[in-house]
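What the coordinates show
Given next are the chains, with one letter for each unit.
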Amino acid sequence: MVPLPVWLRRTLGILALGGGAIGVAMVLGVLMSNTNFVGALLLLVFLVMYAFGIYAGLLMLEDGADALPVNTVYWLLQVPAISTDTVGYVFFSGFHVTARVMLAPLSWKVDFLLGSFFKFNAMQPQESTYLGVNFFAIAVVAVLWRRWTRMHATSRAAPAMAG
């Protein structure tokens, strides 16, 4: 049993499941039009990540035993938003509130979205350079991690008290 309030467990489950489903549909749409082999392989990675989100959401909604660690990993994947002319990675599913610092010219921006978004680029000199953090994902990870560690501390302490 997941030690979360029902409303929070359901909200996070719906965000992961719905975001994963939207992401799978987006990736499949792009994959069907992509003829580049390397691009198709990268799209398959994102497809697996979004499918993992569907699994994580179902675990959370069904109150699965592994819901906390699985969802923690899933939301951790959504924390960074990085774009340089060498490499870029953005992966959002369900909802995000992301603050970005653009390095050339120096500025900042905050984005939010209810839905899903992904981006990966390599060796794209025309890409803007920024570093970003999804604060919503950090908050979710913090709540899940705290509950998971508290649950494990309680389960380890229970046998000691019984003896």
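Coordinates for the structure precede this section.
Residues numbered from 1 in each chain as written. Predicted model: local features only at pLDDT ≥ 70, side-chain atom pairs only at ≥ 80, totals over all residues. Heavy atoms only, no water.

1. Side note on the overall build of the protein
Scanning the protein from terminus to terminus reveals 4 helices and 4 strands. The order of α-helices and β-strands along the protein, N terminus first, is α-α-α-β-β-β-β-α. The C-alpha extent of the protein, read off along each of the three principal axes, is 65 × 35 × 25 Å. Partitioning the contacts of the protein with sequence separation of at least 6, the portion at a separation of at least 24 is 69%. Carbon and sulfur atoms provide 74% of the accessible area of the protein, an area that totals close to 9100 Å². Averaging the locations of the 9 positively and 6 negatively charged side chains of the protein gives two centres separated by 11 Å. (Helix = DSSP H or I, 4+ residues; strand = E, 2+ residues; numbered from the N terminus. Contact = heavy atoms within 4.5 Å. Areas by Shrake-Rupley, 256 points an atom, 1.4 Å probe, with all protein chains shown as cover. Lys, Arg positive; Asp, Glu negative; His and termini not counted. Charge placed at Lys NZ, Arg CZ, Asp CG, Glu CD.)

2. Brief notes about the layout of surface pockets
To find leftover empty space, a probe the size of one water molecule is rolled over the atoms. Its volume calculated, the largest pocket comes out at about 200 Å³. Taken together, G39, L42, L43, F46, F118, K119, F120, N121, A122 and Q124 make up the lining of the largest pocket. Secondary-structure elements contributing two or more residues to the lining of the largest pocket are α2 (37-61) and β3 (106-122). No other element matches the 5 residues that β3 contributes to the lining of the largest pocket. Looking at side-chain class alone, the lining of the largest pocket contains 6 nonpolar, 3 polar and 1 charged residues. (1 Å grid on protein atoms, 1.4 Å probe; cavity = no way out; pocket = protein on both sides within 12 Å on 5 of 7 lines; lining within 4 Å. Points joined across faces, edges and corners; volume = space filled by probe spheres on them. Nonpolar A, V, L, I, M, F, W, Y, C, P; charged D, E, K, R; others polar.)

3. Brief notes about a nonpolar patch on the surface
There is a patch of nonpolar side chains on the surface, built from F37, V38, L41, L42, L44, V87 and F120 and spanning about 610 Å² of accessible area. If one sorts the elements of the nonpolar patch by residue count, α2 sits on top with 5 residues. Structurally, F120 is set in strand β3. (Patch = residues over 30% accessible without salt bridge, like charges linked within 9 Å, V, L, I, M, F, W, Y side chains within 5 Å. Salt bridge = Lys/Arg side-chain N within 4 Å of Asp/Glu carboxyl O.)

4. Thoughts on the pattern of salt bridges
All told, the structure shown has 3 salt bridges when counted by the stated rule. In this structure, D111 and R100 form a salt bridge, with 3.0 Å as the shortest nitrogen-oxygen distance. Taken together, the positions of D111 in strand β3 and R100 in strand β2 (residues 87-103) put the pair 11 residues apart, joining distant regions of the chain. As far as burial versus exposure is concerned, D111 and R100 are alike and both buried. Taking the shortest distance from any N to any O, the salt bridge between K109 and D111 comes out at 3.8 Å. Overall, K109 belongs to the partly exposed group, its relative accessible area being 39%. Beyond isolated ion pairs, a larger network of salt bridges with shared partners links R100, K109 and D111. (Buried < 20%, exposed > 50% of the residue type's maximum accessible area, 1.4 Å probe, protein only.)

5. Observations regarding the packing of α2 against helix α3 (residues 67-76)
Two numbers describe how α2 lies on α3: the axes approach to 9 Å, and their chain directions differ by 145°. α2 and α3 meet at a crossing whose hand is left-handed. Counted together, M49, Y50, F52, G53, Y55, A56, G57, L59 and M60 of α2 and A67, V70, N71, V73 and Y74 of α3 form the full contact between these two elements. Each residue belonging to the contact of α2 with α3 can be placed in one class, and the counts come to 11 nonpolar, 3 polar and no charged. (Axes fitted to C-alpha atoms, helices over the stretch in contact; angles between N-to-C directions. Left-handed = near helix turned anticlockwise from the far one by under 90°.)

6. Looking at the pairing of strand β1 (residues 80-83)
Burial of β1 is one-sided: the residues A81 and S83 facing one way are buried, the residues P80 and I82 facing the other way are not. Where β1 and strand β4 (residues 130-134) come together, 4 bridges link them in antiparallel fashion. In the strand pairing of β4, P80 is matched with V133. What sits between β1 and β2 in their antiparallel hairpin is a turn of 3 residues. (Pairing = 2+ DSSP bridges.)

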